[in-house]
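What follows is each chain in one-letter form.
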Amino acid sequence: MATAQDMVQEAFCRALARWKRVAAMDDPAAWVRRVAWNLATSRWRRTRTALQYARRQREEHVAAPSPDRVALAQALRTLPAQQRRAVILHYLADLPINDIARQEGVAEGTVKSWLHRGRVVLAAQLTEKENNRG
């Protein structure tokens, strides 16, 4: 309520500062209402922008990646780009093989072979890392 009162008061102050021009209008009250509306809109936009900025500046606490996630990321980095993309799209993004084939511009059989080769390499590397940890 106080903010609305401030906006109206500011609109009247602006009307008083320009009274000769405002008084000559057909409807000076409409001018005051429009100015009050514009002030309220500007305040709302500034508040929204400030809130968005504050949200972006907020410190976010994210848990550290698990050892399994780190091992998977390292193993994925060793795959050729096409195999890595196919594995990520199929197993992490849950895309079907035909969608991956269409996206990559290859036959479905090619995607299946990329997935097979990628799984073989990942299994070997992740098993090796597990054996080294234990």
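Here, every reference points to the structure presented above.
Okay, so let's go over this structure. (Residues numbered from 1 in each chain as written. Predicted model: local features only at pLDDT ≥ 70, side-chain atom pairs only at ≥ 80, totals over all residues. Heavy atoms only, no water.)

1. Description of the overall build of the protein chain
Phase 1: Along its length, the protein chain carries 7 helices and 0 strands.
Phase 2: When the helices and strands of the protein chain are placed in sequence order, the string is α-α-α-α-α-α-α.
Phase 3: Relative to its length of 134 residues, the protein chain is extended, with a C-alpha radius of gyration of 31 Å against a globular reference of 14 Å.
Phase 4: Along the first, second and third principal axes, the C-alpha atoms of the protein chain reach 85 × 40 × 20 Å.
Phase 5: Burial status across the protein chain gives 18% buried among its 134 residues.
Phase 6: Within the protein chain, contacts between residues separated by at least 24 positions form 50% of all contacts whose residues are at least 6 apart in sequence.
Phase 7: Accessible surface for the protein chain amounts to roughly 10300 Å². Of this, 54% is attributable to carbon and sulfur atoms.
Phase 8: Each charge class in the protein chain was averaged separately, 23 positive and 13 negative side chains, and the resulting centres sit 7 Å apart. (Helix = DSSP H or I, 4+ residues; strand = E, 2+ residues; numbered from the N terminus. Rg over C-alpha atoms; globule rule 2.2 N^0.38 Å. Buried < 20%, exposed > 50% of the residue type's maximum accessible area, 1.4 Å probe, protein only. Contact = heavy atoms within 4.5 Å. Areas by Shrake-Rupley, 256 points an atom, 1.4 Å probe, with all protein chains shown as cover. Lys, Arg positive; Asp, Glu negative; His and termini not counted. Charge placed at Lys NZ, Arg CZ, Asp CG, Glu CD.)

2. Observations regarding the environment of L39
Phase 1: With respect to the helices and strands, the residue L39 is situated in helix α3 (residues 28-57).
Phase 2: Once residues lying within four places of it in the same chain are set aside, the contact partners of L39 are M7, E10, A11 and R14.

3. What about the nonpolar core?
The tendency in soluble globular proteins is for nonpolar side chains to be buried as a group.
Phase 1: With 12 residues, the main nonpolar core is built from A75, L76, L79, A86, V87, L89, I100, A101, V111, W114, L115 and L122.
Phase 2: Broken down by secondary-structure element, the contributors of at least two residues to this core are α4 (67-77), α5 (81-92), α6 (97-104) and α7 (108-133).
Phase 3: Considering each element in turn, this core owes the most residues, 4 residues, to α7.
Phase 4: By size, the runner-up hydrophobic cluster in this structure holds 9 residues, among which are A11, A15, V35 and L39. (Core = buried A, V, L, I, M, F, W, Y, C linked by side-chain atoms within 4.5 Å.)

4. Structural notes on the pattern of salt bridges
Phase 1: According to the stated counting rule, one finds 4 salt bridges in the structure shown.
Phase 2: Note that R33 and D27 form a salt bridge whose closest N and O atoms lie 3.8 Å from each other.
Phase 3: The shortest N-O distance in the salt bridge between D99 and R102 comes to 3.2 Å. Taken together, the residues D99 and R102, both in helix α6 and 3 residues apart, mark about one turn of the helix.
Phase 4: For D99, a relative accessible area of 25% gives the class partly exposed. (Salt bridge = Lys/Arg side-chain N within 4 Å of Asp/Glu carboxyl O.)

5. A word on the side chain of Q83
Phase 1: Along the chain, Q83 falls in helix α5.
Phase 2: Here Q83 is in contact with W114, R117 and G118, once residues within four sequence places are set aside.

6. Considerations on helix α1 (residues 2-17)
Phase 1: For α1, built from 16 residues, the straight-helix expectation of 22 Å at 1.5 Å per residue is met to within 8% by its first-to-last C-alpha distance of 22 Å.
Phase 2: Restricting attention to buried positions, one finds in α1 the residues M7, A11 and A15. An end-on view of α1 places all buried positions within 75 degrees of arc, on one side of the element. For α1, exposure combined with an orientation more than 90 degrees from the buried face picks out A2, Q9, L16 and A17.
Phase 3: On the buried face of α1, the contacting elements are α2 (19-23) and α3. (Expected span 1.5 Å × (residues − 1). Arc of directions from axis to C-beta.)

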